[in-house]
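Secondary and tertiary structure notes
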Amino acid sequence: MEGPLRLGIAGLGTVGASVVQILRRHENDLSAQAGRAIKLAAVCARDRSRDRGVPLDGVAWFDDPVALAKSDDIDVFVELIGGEDGVALESVRAALDSGHGVVTANKALLASHGVDLALIAEAHDAPLAFEAAVGGGIPIIKALREALAGNHITRLFGILNGTCNYILTRMEEDGLTFGECLEDAQRLGYAEADPTFDVEGLDTAHKLAILTSIAFGTRIDKDAIFVEGISAIEPEDIAAADELGYRIKLLGVAQQTESGIEQRVHPTMVPRDSTIARVSGVTNAVAVEGDSIGSVMLSGPGAGGSATASAVVGDILDIARGIKVPPLGRPAASLEPYRRAKMRAHEGGYYLRLMVRDRPGAFAAIARCMADAEISLESIVQRNRPPKSAPRSHDDEAQAVTIITYETTEAAVRSALERIESEGQISGKPNLIRIERL
Ligand code: HSE
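Sequence order as written defines the numbering, with residues in each chain counted from 1. Two thresholds apply to this predicted model, a pLDDT of at least 70 for residue-level local features and 80 or more for giving and counting side-chain atom pairs, whereas whole-chain, interface and lining totals are computed over all residues. Water and hydrogen atoms were dropped before computing side-chain values, which therefore reflect all heavy atoms in the structure.

The secondary structure listing takes helices from DSSP runs of H or I that are at least 4 residues long and strands from runs of E that are at least 2 residues long, numbered from the N terminus. For a helix, the expected span equals 1.5 Å multiplied by the number of residues minus one. Across its 12 residues, helix α1 (residues 14-25) extends 16 Å between first and last C-alpha, which sits within 8% of the 16 Å expected from 1.5 Å per residue. Relative accessibility thresholds used throughout: buried, under 20% of the residue-type maximum; exposed, over 50%; partly exposed, between the two (1.4 Å probe, protein chains only). If you check which residues of α1 are buried, you get Gly16, Ala17, Ser18, Val19, Val20, Ile22 and Leu23. The contact criterion used throughout is that any non-hydrogen atoms of two residues lie within 4.5 Å. The elements touched by buried residues of α1 are β1 (5-10), α2 (27-34), β2 (38-44) and α12 (305-320).

Next up, the structure:
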């Protein structure tokens, strides 16, 4: 039997403590599966005195993650510190340079430095695994990189942020506002330390950037992603979507088009009876479309200590078994540069909510702007105006109008909206939500 695989874990927050718990709870079974013992040799965290509810007797304590990463007493460095740069990056680099395997749940780190880290890992023949970085407990990295390798992938899309899906689900089910639902998500521990990362779509973008690279064989380019979050979604949009037979989800989409690969993160209307529409709460889901398989979807818990730790432990076991695959699915030096498809060329249907001024001819003017931009309308609905008896301020004179377009381009919609705004037919900013073809 091979010698034990010695682990050094840096970061004992929710995920780190859950990893220790799983290692303790399944110690015998994990060792039996790996054919060798898996031993927690050392940990590193800021506060030694804090009770994390997990036994750490006999485990060496490091104050400096970089020292742990380089230590000769470990074989695998488990990075659960978080953050795009700083000590997380320094320690992962140090571990790989020392020839140690690395397991990380750090999507921001991978989205920014994934290709460089894969090059270092490959140069040192050291495994670099990051299943937990995308979709929490869902094994999407392994599925894309290994099980779906016999496919030319044309599109992938997913709900990649539990916080946003939780908020949108609660807004829909309980008629609450965005702010009320965000507070609940924070209280339940789903959101990042800075929830802007969740609700403005950046967390989804980081995860999408990693998936795109593996699915399409391109270098990771998180800065080329079109990103819109969910903070502008109002209960009126949720209600209108429902009436029209849709649900609103924050999707990350990567899609091969004639002009390149689209990477976009935005609130999306999906048909209410589609599988992705039924993914609710903190659950994540990723659908992959390939020429051999057609379409496949994985769903499961996308956030939370135990689910994320499940993916971390799976990666540890792969390394214990000696399984080695290029971190990004092919040698990092052979990844193609990412060729970005322009967002203005995006094709799809659109939902628009406009506050239209209550004056004769406003509807006709809006319809003309749409027609001139060659946009065909599927529906145009004036929402209920407040009762006449209710006091009406100047702005109340605007009526909410929702428009659903047939397939068109982003450029056409943008130009029609600019003209509608410049002609003074609407007050405030239009709300635009893209409809995904499923
Ligand atoms: N804040 C993230 C989410 C956690 O809500 O999905 C997992 O990345």
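Here the narrative resumes, following the displayed structure.
Further remarks concern the pattern of salt bridges. Each reported salt bridge corresponds to a side-chain nitrogen of Lys or Arg within 4 Å of a carboxyl oxygen of Asp or Glu. Here the structure, examined in full by the defined rule, presents 30 salt bridges. Lys222 is paired through a salt bridge with Glu84; the nearest N and O atoms lie 4.0 Å apart. Of the two residues, Lys222 sits in the loop between α10 (202-216) and β8 (226-227) while Glu84 sits in the loop between β4 (76-79) and α4 (86-97), which places them 138 residues apart along the sequence. Of the charged contacts in the structure, one is a salt bridge between Asp237 and Arg353, with a shortest N-O distance of 2.6 Å. With Asp237 in helix α11 (residues 235-243) and Arg353 in strand β13 (residues 347-357), this residue pair connects regions lying 116 residues apart in the sequence. In this structure Arg353 comes out as buried when scored by relative accessible area, which is 9%. Beyond isolated ion pairs, a larger network of salt bridges with shared partners links Arg155, Glu262, Arg264, Glu289 and Glu436.

Once that is clear, we can look at the nonpolar core. Nine residue types can take part in a nonpolar core, namely buried Ala, Val, Leu, Ile, Met, Phe, Trp, Tyr and Cys, and a core is a set of them joined through side-chain atoms within 4.5 Å. In terms of nonpolar packing, the biggest core is built from 81 residues, with Phe77, Phe130, Leu144, Ile167, Leu211, Ile230 and Met269 touching the most fellow members. Other than its neighbours up to four places away in sequence, Leu144 contacts Ala149, Ile153, Leu156, Leu211, Ile214, Ala215 and Val288. In this structure, Leu7, Val54, Trp61 and Val312 belong to the second largest nonpolar core, which totals 32 residues.

Turning next to the sheet that holds strand β3 (residues 60-62). Taken together, 6 strands build an open sheet; the order of strands is β3-β2-β1-β4-β5-β6 and the sheet is parallel. Two strands in the sheet have a free side with no partner beyond their single neighbour: β3 and β6 (128-129). One ladder, built from 4 bridges, connects β1 with β4; its direction is parallel. By the bridge assignment, Ala10 is partnered in β4 with Glu79. At least two DSSP bridges between two strands are required for those strands to pair.

Around the ligand, the neighbouring residues are Lys107, Asn161, Gly162, Thr163, Tyr190, Glu192, Asp198, Asp203, Lys207, Gly302 and Ala303. By the criterion applied in these results, polar contacts are pairs of N or O atoms within 3.5 Å in which, for protein atoms, one can donate a hydrogen and the other can accept it, and in which residues neighboring in sequence qualify only through two side-chain atoms. Within the contact set of the ligand, a nitrogen atom lies 2.7 Å away from a side-chain nitrogen or oxygen of Asp198. At a separation of 2.8 Å, an oxygen atom of the ligand approaches a polar side-chain atom of Lys207. Counting residues per element, the ones that place at least two in the shell around the ligand are α7 (162-174) and α10. Three classes are used, and their members are as follows: Ala, Val, Leu, Ile, Met, Phe, Trp, Tyr, Cys and Pro are nonpolar, Asp, Glu, Lys and Arg are charged, and the others, Gly among them, are polar. Residues that form the shell around the ligand fall into these classes: 2 nonpolar, 4 polar and 5 charged. We call a residue near a molecule or strand as soon as one heavy atom of that residue lies within 4 Å of the molecule or strand.

On to the packing of aromatic side chains, then. Aromatic rings from Phe, Tyr and Trp, with only the six-membered ring used for Trp, were paired whenever their centres fell within 6.5 Å, and each pair was classed as stacked if the ring planes differed by under 30 degrees, edge-to-face if by over 60, and tilted otherwise. If you walk through the whole model with that rule in mind, you get 1 aromatic pair. With 5.4 Å between their ring centres and 65 degrees between their planes, Tyr166 and Tyr190 make a pair best called edge-to-face. Here Tyr166 is found in helix α7, whereas its partner Tyr190 is found in the loop between α8 (178-187) and α9 (196-199), with 24 residues between them in sequence. Under the relative-accessibility criterion, Tyr190 is labelled partly exposed at 25%.

Let's shift gears to the side chain of Asn151. Note that Asn151 resides in the loop between α6 (140-147) and β7 (153-159). Overall, Asn151 belongs to the buried group, its relative accessible area being 17%. Dropping the residues within four chain positions of it, Asn151 is found in contact with Gly290, Asp291, Ser292 and Ile293.

This part takes up the packing of helix α13 (residues 362-372) against helix α14 (residues 410-422). Convention adopted: a line fitted to C-alpha atoms gives each axis, helices being fitted over their contacting stretch, and angles between N-to-C directions are expressed from 0 to 180 degrees. Where α13 contacts α14, the axes come no closer than 9 Å and their chain directions differ by 150 degrees. Here α13 lies roughly antiparallel to α14, going by the angle between them. Here α13 runs over α14; the crossing is right-handed. Taken together, the residues of α14 that come into contact with α13 (itself represented by Ile366, Arg368, Cys369, Met370 and Asp372) are Ala416, Arg419 and Ile420. Here the contact of α13 with α14 is built from residues that sort into 5 nonpolar, no polar and 3 charged. Note that the term roughly parallel is reserved for angles under 35 degrees, roughly antiparallel for angles over 145, roughly perpendicular for angles of 65 to 115, and oblique for everything else. Left-handed describes a crossing in which the near helix is turned anticlockwise from the far one by less than a right angle; the clockwise case is right-handed.

Compared with an ideal rise of 1.5 Å per residue, which puts 12 residues at 16 Å, α4 spans 17 Å between its outermost C-alpha atoms and is within 8% of the ideal. Regarding α4, the residues found buried are Ala88, Leu89, Ser91, Val92, Ala94, Ala95 and Leu96. On its buried face, α4 is in contact with α3 (65-70), β4, β5 (101-104) and α5 (107-123). Just downstream of α4, Gly99 is the residue with a positive phi angle, here 80 degrees.

The next point concerns unusual backbone geometry. In terms of backbone geometry, most residues other than glycine have negative phi values and most peptide bonds are trans. At Asp125, a position not held by glycine, the phi torsion is positive, near 55 degrees. With respect to the element layout, Asp125 can be found in the loop between α5 and β6. Of note in the backbone geometry, Glu374 takes a positive phi value of approximately 60 degrees without being a glycine. Along the chain, Glu374 turns up in the loop between α13 and β14 (377-382).

The next thing to look at is the environment of Val413. Along the chain, the position of Val413 falls in helix α14. The spatial distance from the C-alpha of Val413 to the C-alpha of Cys369 is 9.7 Å, given a sequence separation of 44 residues. In contact with Val413, other than residues within four places in its own chain, are Tyr350, Leu352, Ile375, Thr408 and Leu432.

The next point concerns the domain arrangement of the protein chain. How far each domain reaches was decided by an automatic or database domain assignment. Taken domain by domain, the protein chain comprises domain 1 (5-133), domain 2 (140-301) and domain 3 (344-435). Contact with domain 1, which involves 11 residues of that partner, is made by 14 residues of domain 2. For any pair of parts, buried area is found by adding up, for both, the accessible area (1.4 Å probe) each one loses once the two are put together. Between domain 1 and domain 2, roughly 1,100 Å² of surface is buried when both sides are summed, and carbon and sulfur atoms account for 62% of that area. When the area that domain 1 buries against domain 2 is broken down by residue, the three leading residues are Lys107, Ala111 and Glu131, summing to 48%. If you look at where domain 1 meets domain 2, you find 2 salt bridges. The interface formed by domain 1 and domain 2 contains 4 residue pairs in polar contact (both at pLDDT 80 or more). Residues belonging to the side of domain 1 that touches domain 2 are distributed by class as follows: 6 nonpolar, 2 polar and 3 charged.

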